[in-house]
Amino acid sequence: MTRGNPCQLPGMLPNYDPNDSEAGMKILEDLTENVEQIQQRVLEEIITRNARTDYLKGFLDGQFDKQVFKKTVPVVNYEDIKPYIERIANGDSSNIISAEPIIELLTSSGTSGGQPKMMPSTAEDLHRKTFFYNLLVPVMTKYVDGLDEGKAMYLLFVKPETKTPSGLMARPVLTSYYKSNNFKNRPFNRFNVYTSPDETILCSDSKQSMYCQLLCGLVQRQEVLRVGAVFASAFLRAIKFLEHNWKELCSNTRTGHVSDWITDPGCRKVVSLVLNKPRPELADLIEHECNSKSWEGIIKKLWPRTKYIEVIVTGSMAQYVSTLEYYSGGIPLVSTMYASSECYFGINFKPLSKPWDVSYTLIPNMAYFEFLPVKKKNEDGAQYVQCNGVCTENCMEKETEKEDVETVELVDVKLGQYYELVVTTFTGLYRYRVGDILMVTGFHNKAPQFRFVHRRNVVLSIDTDKTSEEDLLKAVTKAKVIVESLGILLIEYTSYADTSSIPGHYVLFWELTSKGNNHLPVLDPKIMEQCCSTVEESLDSVYRRCRRKDNSIGPLEIRVVQHGTFDALMDFCVSQGSSVNQYKTPRCIKSGEAINILDSRVVARFFSQKAPFWEPV
């Protein structure tokens, strides 16, 4: 990495000692003060590097001008670039889209044709992520003192990966980073000392990894200053795991020996070193706290020096805030960063803000950012159903779909306006629609700050799954064939993500009737359970992986409701301001009142009895 002012060298990554928080904040101030210049030079560098790739030369015709780029290179979705990435996965040269060698493909939690999307990644991109991670600490030390006087109990995990025909690995972005030399051979940073040895993080057996990381965290409880995981859902799964396994963890702590079922050699070795000796007093303390009738505030009780919980609680993770607050004992919830498989985007410059106030400042040397305007419904006189929060947030806005709509640059976005994020990256994505809808909430120096609103077209999400209305319709259509063969009709349906327990699960409300009459049919439990399983088998690869491999989603549930239930739902929506003439049943609901209306009319409940098929693709 090159040392220098990021404004002078916007395409390079300023080098600094991550132990020097003052230097880190100076870099952030420079980046956010010189947004326009950095963005222009980032685009110039990307074009200069990649103008001769197969993809760009067809549009630029040898020119390197920004205006030519914006005029001729189209704004694209994944389906537009999928053929290029598949060619690379199958052995074609990286030069199709990138002048730098593509070293791996990052699997996104979004899907295409039922399979995870694959995003190109280069060696330089790992350095860019390391640079980004190092900038998170200076922001936190500005608000929280003494973070270098203890450790972080971060529960981090690797996910399944596979090798493409070309020999490139295809794996999730965090798995890529944890397995890289940038992580494994990272220099010492006194602000980022983990209770979890690397061997426990890199263990491919998620149960052994979870057990060992929690055991290490409990043994070092007095050194823990912050706890967390990447997503709120993952951290809550750890709490639930602790709830089921605390007695065995206490036994290991008391004796100083790791359970025999921990067979991963790396885990056994490092955890034995952490345990070191019998700790009966510590075991008694853990037993006392965990044996309590209520686990309210359990985080503060077990790790008393904890200053904050670091988890993503924006977007679909917001549904877990109340549960986290129950377990936290008043400890602040902190979302530090906004990132995806495509690119790392922004940092939360006010990390102690409440979850619903979290905004991210986009870091201008990460990529070239553009924005497609998104209009509130009815703003332009068009006719759209106004659901007033009854269904998913997607229905509240009209998203721009026209290809001829001009994009807005990062420095030109307007306060209070909604946009869809478009990125041009150093790794081979050009004017790519990420699918995130953002709202401008303010500015840090000259850098806009954004609140994440929602994913475009996503109606259901529990963990890293993202199920669209189209996905849900296809799955329900396959399942309803089963009941139709028995003379039963599915009149109407809707859904919601039930996170009242851990793990959460999908719930479908079905209103059924017998053909030829208006009576609720007699339902065979095995048939209805088969419907549940068929829906799950029909959902995408990420859902099925979360359900089968990660155990981060519980069995899908169908709740059959009595006749007239969806009429009652419509009456409620109309009472909240929906037009009776334009009303159509929302396919996902979020309003607690609407869910209560449906739940009060449930006559039968059925669950999937087997996890759906899944294997890495």
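Named according to an unreviewed UniProt entry, the protein is Indole-3-acetic acid-amido synthetase GH3.17-like originating from Gossypium lobatum. Regarding the protein, the relevant UniProt record gives this comment under Sequence similarities (unreviewed entry): "Belongs to the IAA-amido conjugating enzyme family."

**Student:** Give me the lowdown on the sheet that holds strand β20 (residues 488-498), citing residues and values where you can.
**Tutor:** The mixed open sheet is built from four strands, whose spatial order is β20-β21-β22-β23. The open sheet has two edge strands with one neighbour each: β20 and β23 (602-607). The mean angle between the axes of side-by-side strands here comes to 25°, regardless of whether they run parallel or antiparallel. Sheet topology note: the β20/strand β21 (residues 505-514) ladder contains 10 bridges and is antiparallel. Bridging from a neighbouring strand, serine 495 pairs with leucine 508 of β21. On top of the sheet, helix α17 (residues 469-484) reaches β20 and β21; it is set at about 140° to β20, its chief contact.

**Student:** Any chance you could break down the pattern of salt bridges for me, citing the residues and the numbers?
**Tutor:** Applying the stated criterion across every chain yields a total of 36 salt bridges. Two residues, glutamate 124 and arginine 128, come together in a salt bridge whose shortest N-O distance is 3.0 Å. Here glutamate 124 pairs with arginine 128, and both are found in helix α6 (residues 123-134), just four residues apart, close to one helical turn. Measuring nitrogen to oxygen at the nearest pair gives 2.6 Å for the salt bridge that ties glutamate 492 to arginine 587. One end of the pair, glutamate 492, is in strand β20; the other, arginine 587, is in the loop between α20 (565-575) and α21 (592-599), and 95 residues separate them in sequence.

**Student:** Residues and numbers for the confidence of the model for the protein, please.
**Tutor:** The share of residues in the protein with pLDDT of 70 or more is 91%, and the mean pLDDT across the chain is 88. Taken element by element, the predicted model of the protein shows its lowest mean pLDDT in strand β13 (residues 397-399) (46) and its highest in strand β11 (residues 360-362) (97). Counted against residues more than four places away or in other chains, residues 1-11, with its pLDDT under 50, gives 30 contacts. This model gives residues 378-403 a pLDDT under 50, and the stretch forms 77 contacts once residues within four places in sequence are excluded.

**Student:** Could you give an account of the sheet that holds strand β7 (residues 308-312), with specific residues and numbers?
**Tutor:** Sheet strands pair via backbone hydrogen bonds, and the direction of the pair is either parallel or antiparallel. The strand order across the open sheet formed by four strands is β3-β6-β7-β8, and the pairing between neighbours is parallel. Two strands lie at the open edges of the sheet, namely β3 (151-154) and β8 (333-334), each paired on one side alone. Taken together, the four bridges between strand β6 (residues 224-231) and β7 define a ladder with parallel strand orientation. Residue arginine 226 lies in a different strand from β7, and its bridge partner there is tyrosine 308.

**Student:** Explain the pairing of β7 to me, and be specific about the residues and the numbers.
**Tutor:** When you tally the buried positions in β7, you get five out of five residues, the bulk of the element. The side-chain alternation of β7 yields two buried faces, one formed by Tyr308, Glu310 and Ile312 and the other by Ile309 and Val311. Where β7 meets β8, two bridges bridge the pair, whose relative direction is parallel. Paired with glutamate 310 across the bridge in β8 is valine 334.

**Student:** Could you give an account of the packing of aromatic side chains, naming the residues involved and the relevant values?
**Tutor:** When we look at a pair of aromatic rings, we describe it by the centre distance and by the angle of the planes. Going through the model one piece at a time under the given rule, you end up with 19 aromatic pairs. Note on tyrosine 55 and tyrosine 84: the rings are 5.1 Å apart at their centroids and 85° apart in plane angle, and the pair reads as edge-to-face. Taken together, the residues tyrosine 55 in helix α3 (residues 54-60) and tyrosine 84 in helix α5 (residues 78-89) connect sequence positions 29 residues apart. Relative to phenylalanine 452, the ring of tyrosine 338 lies with its centre 6.0 Å away and its plane at 70°, an arrangement referred to as edge-to-face. Note that tyrosine 338 is positioned in strand β9 (residues 337-339) and phenylalanine 452 in strand β17 (residues 447-455), a separation of 114 residues in sequence. Phenylalanine 452 carries the same exposure label as tyrosine 338, and that label is buried. An aromatic cluster is defined as three or more aromatic residues linked by ring pairs; in this entry it consists of Phe132, Tyr133, Tyr177, Tyr178, Phe183 and Tyr344. Its guanidinium or amino end placed over the ring of tryptophan 261, lysine 207 lies 5.0 Å from that ring's centre, counting from NZ or CZ. When the ring centre of tyrosine 493 is taken as origin, the NZ or CZ atom of arginine 587, which lies over that ring, is 4.3 Å away.

**Student:** Hey, could you go over the state of the cysteines for me, with residue numbers and the actual values?
**Tutor:** As enumerated under the stated definition, the model contains zero disulfides in all. No disulfide involves cysteine 250; its sulfur sits 5.9 Å from the nearest other cysteine sulfur, which is in cysteine 290. Taking relative accessible area as the criterion, cysteine 250 reaches 3% and is therefore assigned buried.

**Student:** An account of empty space enclosed by the protein is needed here, citing residue identities and associated values.
**Tutor:** Once rolled over the atoms, a probe with the size of a water molecule shows which space is left empty. If you walk through the whole model with that rule in mind, you get five cavities of 30 Å³ or more. Computed from the structure, the largest cavity encloses a volume of approximately 50 Å³. Along its surface, the largest cavity is lined by Tyr55, Ile81, Ile85, Ile97, Gly428, Leu429 and Tyr430. Classifying every residue of the lining of the largest cavity gives six nonpolar, one polar and no charged.

**Student:** Give a description of the packing of helix α11 (residues 206-219) against helix α12 (residues 232-255) that names residues and reports values.
**Tutor:** It is at 9 Å that the axes of α11 and α12 come closest, and there the two elements cross at 65°. As far as their axial angle goes, α12 and α11 are roughly perpendicular. Between α11 and α12 lies a crossing whose hand is right-handed. Contacts between α11 and α12 involve Lys207, Met210, Tyr211, Leu214, Leu215, Leu218 and Val219 from the former and Arg237, Ala238, Phe241, Leu242, Glu248, Leu249, Asn252 and Thr253 from the latter. Broken down by class, the residue content of the contact of α11 with α12 amounts to 10 nonpolar, two polar and three charged.

**Student:** Let's hear about α17: which residues, and what values?
**Tutor:** Here α17 contains 16 residues, and its C-alpha end-to-end distance of 22 Å stays within 8% of the 22 Å for a straight helix at 1.5 Å per residue. Taken residue by residue, α17 has Leu472, Ala475, Val476, Ala479, Ile482 and Val483 as its buried positions. Looking at the buried positions of α17, the neighbouring elements they touch are β18 (458-460), β19 (467-468), β20, β21 and α18 (525-538).

**Student:** Give me the nonpolar core: which residues, what numbers.
**Tutor:** The biggest cluster of nonpolar side chains holds 90 residues, and the ones touching the most others in it are Phe345, Ile347, Leu362, Phe369, Phe371, Leu421 and Tyr432. By residue number, the principal contributor to this core is helix α2 (residues 35-50), which donates six residues. Shared between two domains, this core takes at least three residues from each, and those domains are domain 1 (16-122 + 326-375 + 407-456) and domain 2 (145-306). In this structure, phenylalanine 369 is in contact with Gln39, Phe345, Leu362, Ile363, Pro364, Glu409, Leu410, Leu421, Val422 and Val423, ignoring residues within four places of it in sequence. With 85 residues, the next largest nonpolar core counts Leu242, Val271, Ile286 and Leu508 among its residues.

**Student:** Describe the packing of α20 against α21, and please don't skip the residues or the numbers.
**Tutor:** Packed helices, taken two at a time, are described by their axes: the angle between them and the distance between them. Between α20 and α21, the shortest axis-to-axis distance is 9 Å and the interhelical angle comes to 160°. By the angle between their directions, the pair α20 and α21 is classed as roughly antiparallel. In terms of crossing hand, the pair formed by α20 and α21 is right-handed. Here Thr565, Ala568, Leu569 and Phe572 of α20 come into contact with α21, specifically with Glu593, Ala594, Ile597 and Leu598. A class-by-class count of the residues in the contact of α20 with α21 yields six nonpolar, one polar and one charged.

Parameters at a glance
Residues numbered from 1 in each chain as written. Predicted model: local features only at pLDDT ≥ 70, side-chain atom pairs only at ≥ 80, totals over all residues. Heavy atoms only, no water. UniProt positions renumbered as here; feature names shortened; annotations may be inferred. Pairing = 2+ DSSP bridges. Helix = DSSP H or I, 4+ residues; strand = E, 2+ residues; numbered from the N terminus. Axes fitted to C-alpha atoms, helices over the stretch in contact; angles between N-to-C directions. Contact = heavy atoms within 4.5 Å. Salt bridge = Lys/Arg side-chain N within 4 Å of Asp/Glu carboxyl O. pLDDT = per-residue confidence, 0-100. Buried < 20%, exposed > 50% of the residue type's maximum accessible area, 1.4 Å probe, protein only. Phe/Tyr/Trp six-rings, centres within 6.5 Å; stacked < 30°, edge-to-face > 60°. Lys NZ or Arg CZ within 6 Å of the ring centre and 35° of its normal. Disulfide = S-S within 2.5 Å. 1 Å grid on protein atoms, 1.4 Å probe; cavity = no way out; pocket = protein on both sides within 12 Å on 5 of 7 lines; lining within 4 Å. Points joined across faces, edges and corners; volume = space filled by probe spheres on them. Nonpolar A, V, L, I, M, F, W, Y, C, P; charged D, E, K, R; others polar. Parallel < 35°, antiparallel > 145°, perpendicular 65-115°, else oblique. Left-handed = near helix turned anticlockwise from the far one by under 90°. Expected span 1.5 Å × (residues − 1). Core = buried A, V, L, I, M, F, W, Y, C linked by side-chain atoms within 4.5 Å. Domains from an automatic or database assignment.

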